[in-house]
Amino acid sequence: MNCLQNLPRSLVSPLLGFGGNQRDPCSSSLKMLLPIRANDPKLRLVLQAVSDSKSSTDMNGGVSKEEEEKSDEYSQDMTQAMGAVLTYRHEFGMNYNFLRPDLIVGSCLQTPEDVDKLRKIGVKTIFCLQQDPDLEYFGVDIRSIQAYAKTFTDIEHIRCEIRDFDAFDLRMRLPAVLSTLYKAVKRNGGVTYVHCTAGMGRAPAAALAYMFWVQGYKLMEAHKILMSKRTCFPKLDAIRNATIDILTGLKKKTVTLTLRDKGFSTVEISGLDIGWGQRIPLTLDKGTGFWSLKRELPEGQFEYKYIIDGEWTYNEQEPFTGPNKDGHTNNYAKVVYDPTSVDGATRERLTSEDPELLEEERLKLIQFLETSSEAEV
């Protein structure tokens, strides 16, 4: 299981500064993030950059042990939850990389002065995906950053929350979040800065979805560009499923999980559609002697784990996976609709290793982004 077994939600928040040749692209020459053809060589230029923001060491004359411990703890939690070895050093300041001349993925802003740094490289939209617990963990004062950004007419700060380390929440939130991003880019033009806490999960996933849905890239083509510029681990299945949800409609089925009682005091579930950082209690039917939980789930496979009287385990009477990279075995629920239908064929094609959108599908996605409700908070 990729889970934060005893991790309180307040502990989910950042990663390492990235090397690269620093560039200062002229904002006047940058195109907006509007629909384009990915095979246009003039628009396929990919730049790489790191921020010139001063680290905590520069500003304070040294990094405190508490700052280092927070970064270490966050990096460990992220590695465990994401299934990849990732490192974030919050105390080194904001870091970022250009994926395109008009699109940047990076870590969180830490002070109002970071707004000035982004304005200098032509950023017109700061797109924040953090939740309050992410900000609180590292003591980031988001209100002061937002207030400072509002003093300028040439930059806009937008915040759309996605839960950290939660692929299902990413899937569910991407449509509304991308609608907000799409409209902001059309409104502001220039360079767009997409960030979460570390810039290694939510932000690169949102940028990839934008490149895939709007800008004409194949998903793995955009992923190759991203990975050549930034160390990160975006959840590609979440992007695939969010794409299918829009194109075929979000259908759900009720799934029932049951566990025979053996004198347990409490039984909870983690994973499934709530992420590994949360739990849902099961209800005991004393007449049947089973603990149960009914849950509506969309198409896909959802891994989960039981927590029985505080101990994490799986039920051998339900489908379960083999040991994963961390050596954990999880139960799973699989929701599948008619694979022979038109929607089933679409799902099969778009869940392939290298999915490519048909022209009419891209137009449908863009129409959705233009007309759907936004997700700004």
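This structure is a prediction, so every number in the text was calculated from the model and none was measured.

Asker: Please clarify how the packing of helix 7 (residues 202-213) against helix 9 (residues 236-248) should be interpreted in this entry.
Answerer: The description of two packed helices rests on the angle between their axes and on the distance between the axes. Between helix 7 and helix 9, the shortest axis-to-axis distance is 10 Å and the interhelical angle comes to 45°. Taken together, helix 7 and helix 9 sit at an angle that is classed as oblique. In the packing of helix 7 onto helix 9, the handedness of the crossing is right-handed. Every residue of helix 9 that contacts helix 7 at Ala-205, Leu-208, Ala-209, Phe-212 and Trp-213 is listed here: Leu-236, Ile-239, Ala-242, Thr-243 and Ile-246. Residues that form the contact of helix 7 with helix 9 fall into these classes: nine nonpolar, one polar and no charged.

Asker: Sorry if this is basic, but what is going on with the packing of aromatic side chains here?
Answerer: Counted by the stated rule, this structure contains 13 aromatic pairs. When the centroid spacing of 6.4 Å and the interplanar angle of 75° are considered together, the rings of Tyr-96 and Phe-98 count as edge-to-face. Between Tyr-314 and Phe-320, the aromatic rings sit 5.2 Å apart at their centres with planes inclined by 45°, giving tilted as the arrangement. Taking relative accessible area as the criterion, Tyr-314 reaches 28% and is therefore assigned partly exposed. In this structure, Arg-119 is placed above the aromatic ring of Phe-152, and the distance from its NZ or CZ to the ring centre is 3.8 Å.

Asker: Even after reading the chapter, I still don't get the pairing of strand 11 (residues 300-308), so can you show me in this structure?
Answerer: Looking along a regular strand, one sees side chains alternate from face to face of the sheet. Taken across its nine residues, strand 11 has seven buried, putting it largely inside the fold. With five bridges connecting them, strand 7 (residues 267-271) and strand 11 associate as antiparallel partners. Pairing of Val-267 across the sheet is with Ile-308, part of strand 11. With five bridges connecting them, strand 11 and strand 13 (residues 331-335) associate as antiparallel partners.

Asker: I keep staring at the sheet that holds strand 3 (residues 123-128) and nothing clicks. Help me out?
Answerer: The strands that make up a sheet are held in pairs by hydrogen bonds between backbone atoms, and each pair lies either parallel or antiparallel. Reading across from one edge, 1-2-5-3-4 is the order of the five strands in this open sheet, with mixed pairing throughout. Of all strands in the sheet, those bounded by a partner on one side alone are strand 1 (96-100) and strand 4 (156-159). In this sheet, adjacent strand axes meet at a mean angle of 20° when their direction is disregarded. Here strand 3 pairs with strand 5 (residues 191-195) via five bridges, running parallel. Residue pairing in the sheet places Phe-127 in a bridge with Val-194 of strand 5. The strands touched by helix 6 (residues 167-188) are strand 3, strand 4 and strand 5; relative to strand 3, the strand with the most contacts, the crossing angle is about 165°. In the packing of helix 7 onto the sheet, contacts are made with strand 1, strand 2 (103-106) and strand 5, and the angle to strand 2 comes to roughly 160°.

Thresholds, definitions, all that
Residues numbered from 1 in each chain as written. Predicted model: local features only at pLDDT ≥ 70, side-chain atom pairs only at ≥ 80, totals over all residues. Heavy atoms only, no water. Axes fitted to C-alpha atoms, helices over the stretch in contact; angles between N-to-C directions. Helix = DSSP H or I, 4+ residues; strand = E, 2+ residues; numbered from the N terminus. Parallel < 35°, antiparallel > 145°, perpendicular 65-115°, else oblique. Left-handed = near helix turned anticlockwise from the far one by under 90°. Contact = heavy atoms within 4.5 Å. Nonpolar A, V, L, I, M, F, W, Y, C, P; charged D, E, K, R; others polar. Phe/Tyr/Trp six-rings, centres within 6.5 Å; stacked < 30°, edge-to-face > 60°. Buried < 20%, exposed > 50% of the residue type's maximum accessible area, 1.4 Å probe, protein only. Lys NZ or Arg CZ within 6 Å of the ring centre and 35° of its normal. Pairing = 2+ DSSP bridges.

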